[in-house]
2 protein chains.
Amino acid sequence: MTTFEQQIKNVFGVSNTEMTVIQSFFKPKVLQKGDYFIKSGQTSGNLGFLQKGMLREFVVVGDKEITKWISTEGSFVVDLKSFVFKEPARWNMQALTYVELLVLQTSDYHKLTDAIPHWPEIEKMFIAKCFTIIEERVLQHLSLTADERYNQLFAYNKHLFNQVPLQYFASMLGMTPETLSRIRRKSSS
Amino acid sequence: MTTFEQQIKNVFGVSNTEMTVIQSFFKPKVLQKGDYFIKSGQTSGNLGFLQKGMLREFVVVGDKEITKWISTEGSFVVDLKSFVFKEPARWNMQALTYVELLVLQTSDYHKLTDAIPHWPEIEKMFIAKCFTIIEERVLQHLSLTADERYNQLFAYNKHLFNQVPLQYFASMLGMTPETLSRIRRKSSS
DNA sequence: CGACCCACTTGACAAATATCAATAAATCAG
DNA sequence: CTGATTTATTGATATTTGTCAAGTGGGTCG
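Residues numbered from 1 in each chain as written. Chains lettered and ligands numbered in written order. Predicted model: local features only at pLDDT ≥ 70, side-chain atom pairs only at ≥ 80, totals over all residues. Heavy atoms only, no water.

Enquirer: What is the right way to read the relation of the copies chain B and chain A from this model?
Expert: Mapping between the two copies of the chain is achieved by a rotation about an axis and a shift along the axis. Each copy superposes on the other: chain B lies on chain A with an RMSD of 0.1 Å after a rotation of 180° and an axial shift of 0.1 Å. Here the two chains are linked by the operation of a two-fold rotation axis. When each C-alpha of chain B is compared by its distance to the rotation axis, K124(B) comes out closest, at 2.3 Å. (Least-squares fit on C-alpha atoms with pLDDT ≥ 70 in both.)

In structure tokens, the structure reads:
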């Protein structure tokens, strides 16, 4: 079973038959480092599954870029505002490396709903899961120090810290690169 | 049209016929100040519509309470983790005042799905909307100063600041009551 | 009325974080 | 490989925020 199949089954909890149908609607797509999967402000009806590589999700606020998240192999990438409501995307999603995606387009999305009647239910669960995760992240900002936020992120993503520029993690954590650097020095000693 | 009807129609975008069906599944419930609608750790299959009064959503972290949100008249209140996944609730939801709710229970929820086939789709949109809102809140923590976060919250909720203890707003904004007090003094001069 | 309980404010000080500037290390292009 | 560019670290300093302690004022209730 491919990572894609595993993830679809884990995240959406579907049968093998449904799996085959779902899979048939996702088309391969390749991005070179620096290419955009989604651009903020442009409407995108694309839901991607990240097979290989990493994407950075960010917006430009004033004169700086704010990185919301780094998506890694095996995860889904989508701008919900754009995908669900067909409004301009909130986020930029740019390839940090060479990237291979499997992409579901809105048009095929409707066929998917026809082929698998309880797809909206599946999707509801997916989005609800996303909600509880991001809600937890808000709580982290309300209850943890910069130190603690870093250590929590690092504990679950050790392998990423030598692949991704640290400044992006600093932004994700809501601190300057200098502060992150100092926290890391303290934590490693 | 009641606030409830308006909100259901706004949020879920349903017809009048469907509206009647939906409405029939929501049962009135009253809370006294201090009562809990949901308790963290207990599974609750309840989705509430807040007709009157205010609820505070918080968790206890270490030795302090972290307030995530104050819900006001006309909004829906639910612990998604509990409602969607039937797991223990993440949040406490406690009445800040005398409260009147309309409550949908999980059992009736299934009947609702039977009566309105595209209910999961409707619900998906609702949750997706919640997601985009909370995602924006994460961004605020990554990109704004304490000052700016306060001013933004205050701009949209002026009327609340003389009804709700300020310490709860301080917690929602991720700062101490002392800091909020000083920011307010600065902002008002 | 008066004692008490809250929530809020204020001040003094400590700790955390940002800013600015310089340097070192890593990465990339030719 | 080498120079150029980006990224990371470090130091000095300023700003922001937290902590602790004291004081104020409104509300409640015997």
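Having seen the model, we can carry on.
Enquirer: In this structure, what is going on with the protein's contact with DNA strand C? I would like to understand it.
Expert: Near DNA strand C you find 15 residues, and of these T179(A), L166(B), Q167(B), S181(B) and R182(B) are the closest. Protein-adjacent atoms of DNA strand C, using a 4 Å cutoff, are sugar or phosphate at a proportion of 63%. Between R182(A) and DNA strand C, the recorded distance is 3.4 Å, taken from a side-chain N or O atom to a base oxygen. Elements supplying a minimum of two residues to the surface near DNA strand C: α8 (177-188) of chain A together with α7 (166-173) and α8 (177-188) of chain B. For the surface near DNA strand C, the element with the most residues is α8(B), which contributes 4 residues. Of the residues in the surface near DNA strand C, the class split is 4 nonpolar, 5 polar and 6 charged. (Near = heavy atom within 4 Å. Polar contact = N/O pair within 3.5 Å; in protein donor to acceptor, adjacent residues only side chain to side chain. Helix = DSSP H or I, 4+ residues; strand = E, 2+ residues; numbered from the N terminus. Nonpolar A, V, L, I, M, F, W, Y, C, P; charged D, E, K, R; others polar.)

Enquirer: Explanation requested: the interface of chain B and chain A in the structure shown.
Expert: Accessible area lost during the coming together of the parts is what is often quoted as the interface size. At the junction of the two partners, chain B supplies 36 residues and chain A supplies 36 residues. Taken together, the two surfaces of chain B and chain A that pack against each other cover about 3300 Å², and 76% of this comes from carbon and sulfur. Considering only the surface of chain B that becomes buried against chain A, K124(B), F131(B) and L142(B) emerge as the three largest contributors, covering 19% of it. In this assembly, chain B and chain A are joined by 6 salt bridges. The tally of links between chain B and chain A comes to 8 residue pairs in polar contact (both at pLDDT 80 or more). Those elements giving two or more residues to the side of chain B that touches chain A turn out to be β4 (55-61), β5 (64-71), α3 (80-85), α5 (119-143) and α7 of chain B. (Contact = heavy atoms within 4.5 Å. Buried area = accessible area lost by both parts, 1.4 Å probe. Salt bridge = Lys/Arg side-chain N within 4 Å of Asp/Glu carboxyl O.)

Enquirer: What's the story with the pairing of β5(B) in this structure? I'm lost.
Expert: Two faces belong to every sheet, and in a regular strand the side chains alternate between them. Residue and element names in this part refer to chain B. Of the pairings in the sheet, the one linking β4 to β5 comprises 7 bridges and is antiparallel in character. Bridging across to β5, E57 finds its partner in W69. Taking the residues between adjacent antiparallel strands as the criterion, β4 and β5 are bridged by 2 residues, where G62 takes a positive phi near 60°. (Pairing = 2+ DSSP bridges.)

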